[in-house]
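Chain by chain, the residues:
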Amino acid sequence: MEVYASVLIASTAILIFLSECRHVQSAAIHRQRSLLSILFADTRAGSGDYEEANADTMELILPGRSPRNRPVYALYSRTRWNLQIMADGSVSATEDRNSPYTRVVISTTGVGNVYIQGVETGRFLAMSEEGEIYTTVLLDYDNVFRDGQEDNYRHFSSATYPKEVTSRHKSWYLAIDKQGRVKRSENKCNRSSQFIAIGVF
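Worth saying up front: this structure is predicted, and the values here are computed from it rather than measured.

Some thoughts on the environment of N98
You can see N98 is positioned in the loop between strand 3 (91–94) and strand 4 (103–110). A relative accessible area of 72% means that N98 is categorised as exposed. Residues N98 and A74, 24 residues apart in the sequence, show an inter-C-alpha distance of 9.2 Å.

Right under this line is the structure:
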C-alpha cells in the first residue's frame, strides 16, 4: 500500500512538473508575441522603418521543432558558405548544407524588414552596435534586418545600426568571407554579402 502511495505521489509530481513546463513555455511565447507587437510598432526616432506587426500570425519556432506551413531555408553565400546559427550563441559558416544549424526561417516584420531564426536552436540572428554578428534567445532591435536584392541575390543589412547612414557611415551587411568567417560588410555588391535563400526540407 505504501509503495502504491509513493508511486502515485511521484506520478502526480511528474504530471504537475510537465504541466508547469508547458505553462512556462506558453507564457514565454506570449511574452515574445507581446514584445513583437510593441517592438515593430515603434518608429524609433521617426525613422519610419518599423511597422506594426500582427503578433497573432507570427510563429516563434521552438528549438528543434520544424515550423508549421513555413518555408525553411539555408542562406548560401556567393563565397560558397552556408550560414549556421549555433546553440552556443555563435554564428558560423559551413560547406555542409545538411548541417541542422543551417536551417532558418525568415519572417517579415514590416515593409522590407525581417528577422532570421534558426530552426535547430530557436535563436535569432542579430547585429550589435559594434557590427558584431551574434544570436539572441529573445527578440530585440538588434534582430531586425533589411532584406534587399542586388543582381538577383539577397542581402541583409542591420535596420538599427549604424544609427545614421551617410556617405561616410554606410549600411552594415551580413557577410561571410572566402575563409568562412561571418562578419559585417559595408558593400552590398561584395560577393561575401550576397546570399541565395535555398529551400530545404
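Quick notes on the pairing of strand 3
Relative to strand 3, strand 2 (residues 82–85) runs antiparallel, the two sharing four bridges. By the bridge assignment for strand 3, N82 is matched with T94. In this antiparallel pair of consecutive strands, strand 2 and strand 3, the connection spans five residues, and G89 shows a positive phi of 95 degrees.

Things to note about the packing of aromatic side chains
Under the definition given, this model contains two aromatic pairs. Relative to F124, the ring of Y115 has its centre 5.6 Å away and its plane inclined at 70 degrees; by these criteria the two rings are edge-to-face. Judged by relative accessible area, which is 2%, F124 ranks as buried. Its guanidinium or amino end placed over the ring of Y76, R97 lies 4.8 Å from that ring's centre, counting from NZ or CZ. When the ring centre of W172 is taken as origin, the NZ or CZ atom of R184, which lies over that ring, is 4.2 Å away.

Some points on the nonpolar core
Residues L75, L125 and F156 are the most contacted members of the largest nonpolar core, which totals 22 residues. For this core, the elements supplying multiple residues, two or more each, are strand 2, strand 3, strand 4, strand 5 (113–118), strand 6 (124–127), strand 10 (173–176) and strand 12 (195–200). Not counting chain neighbours up to four residues away, the residues in contact with F156 comprise L75, I106, V114, I116, F145, R146, D147, W172, Y173, L174 and F195. Counting five residues, the second largest nonpolar core, distinct from the first, contains V72, A74, V105 and V200.

Cut-offs applied
Residues numbered from 1 in each chain as written. Predicted model: local features only at pLDDT ≥ 70, side-chain atom pairs only at ≥ 80, totals over all residues. Heavy atoms only, no water. Helix = DSSP H or I, 4+ residues; strand = E, 2+ residues; numbered from the N terminus. Buried < 20%, exposed > 50% of the residue type's maximum accessible area, 1.4 Å probe, protein only. Pairing = 2+ DSSP bridges. Phe/Tyr/Trp six-rings, centres within 6.5 Å; stacked < 30°, edge-to-face > 60°. Lys NZ or Arg CZ within 6 Å of the ring centre and 35° of its normal. Core = buried A, V, L, I, M, F, W, Y, C linked by side-chain atoms within 4.5 Å. Contact = heavy atoms within 4.5 Å.

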